[in-house]
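Residue-level structure breakdown
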Amino acid sequence: MRDKVRSADEIAEVQISTGSTAVRLMAGDPEKWGPATRETADHSMPYTVAVALIHGMVEERHFDEACLRDPKVLALTQRVKVQASKAADRRMPEAMLCDLKLVTRSGATHAATVEYHKGHWKNPMSDADVEAKFRSLAANVLKPARSGRLLERLWNLEGAADTGEIIQLTVAD
């Protein structure tokens, strides 16, 4: 949906319709619309949707203090509306149905439906996706060369003669 607008400022409202369990866990408490901590933010549907629409992705850095206090993210978070969907509840647990409707300030609407999120067994991540996610998460802890060696060992775990080497590679530089 992010490519449908030039800026998050153009978004009047984001309407999300999904399973009642997801709504309860990720949008059922007032703090989900103004998360004060990393732990609340990473379990906040309104916050992560706002981050994705503004930044095009949700990464580790988006749970740092600067992003948690970013006025643009907080403003868009307030424009996210979430409701439970009977259709989504009927599809659980086989599908994780989510309907998203983006309404711009000019009145244009854009809609998308996701049945199986990236990483669901019916929409698996590719090896390249897994590697990119690993490198992104490891970047704050390990130097690129070390995370590359660790990743290579993990991809070939079945042939590892010494798993201690793998553990040693996880130690921060």
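Our subject is the structure that appears above.
In this text, all values refer to a predicted model and were calculated from it rather than measured experimentally.

Our next topic: the environment of Leu74. Tracing the backbone through its elements, the reader meets Leu74 in helix 5 (residues 71–78). Overall, Leu74 belongs to the partly exposed group, its relative accessible area being 24%. As a C-alpha pair, Leu74 and Leu142 span 68 residues in sequence and 31 Å in three-dimensional space. If sequence neighbours within four positions are ignored, Leu74 has contacts with Leu68 and Arg69.

Quick look at the pattern of salt bridges now. Within the structure shown, the criterion is met by 14 salt bridges. Linking Glu60 and Arg38 is a salt bridge whose minimum nitrogen-to-oxygen distance equals 2.8 Å. Of the two residues, Glu60 is situated in the loop between helix 3 (45–55) and helix 4 (65–68) and Arg38 in helix 2 (residues 38–41); the sequence distance between them amounts to 22 residues. For Glu165, the salt bridge identified is with Arg153, shortest N-O distance 2.9 Å.

Okay, the nonpolar core next. Counting residues in each nonpolar core, the largest one holds 23 residues, and the members touching the most others are Ile11, Val14, Tyr47, Val49 and Leu76. Those elements giving two or more residues to this core turn out to be strand 1 (11–18), helix 3, helix 4, helix 5 and strand 3 (98–104). Looking at which element gives the most residues to this core, the answer is helix 3, with seven residues. Beyond its immediate sequence surroundings of up to four residues, Tyr47 is in contact with Lys32, Pro35, Ala41, His62, Phe63, Cys67, Leu68, Val73 and Thr77.

The rules behind the values
- Residues numbered from 1 in each chain as written.
- Predicted model: local features only at pLDDT ≥ 70, side-chain atom pairs only at ≥ 80, totals over all residues.
- Heavy atoms only, no water.
- Helix = DSSP H or I, 4+ residues; strand = E, 2+ residues; numbered from the N terminus.
- Buried < 20%, exposed > 50% of the residue type's maximum accessible area, 1.4 Å probe, protein only.
- Contact = heavy atoms within 4.5 Å.
- Salt bridge = Lys/Arg side-chain N within 4 Å of Asp/Glu carboxyl O.
- Core = buried A, V, L, I, M, F, W, Y, C linked by side-chain atoms within 4.5 Å.

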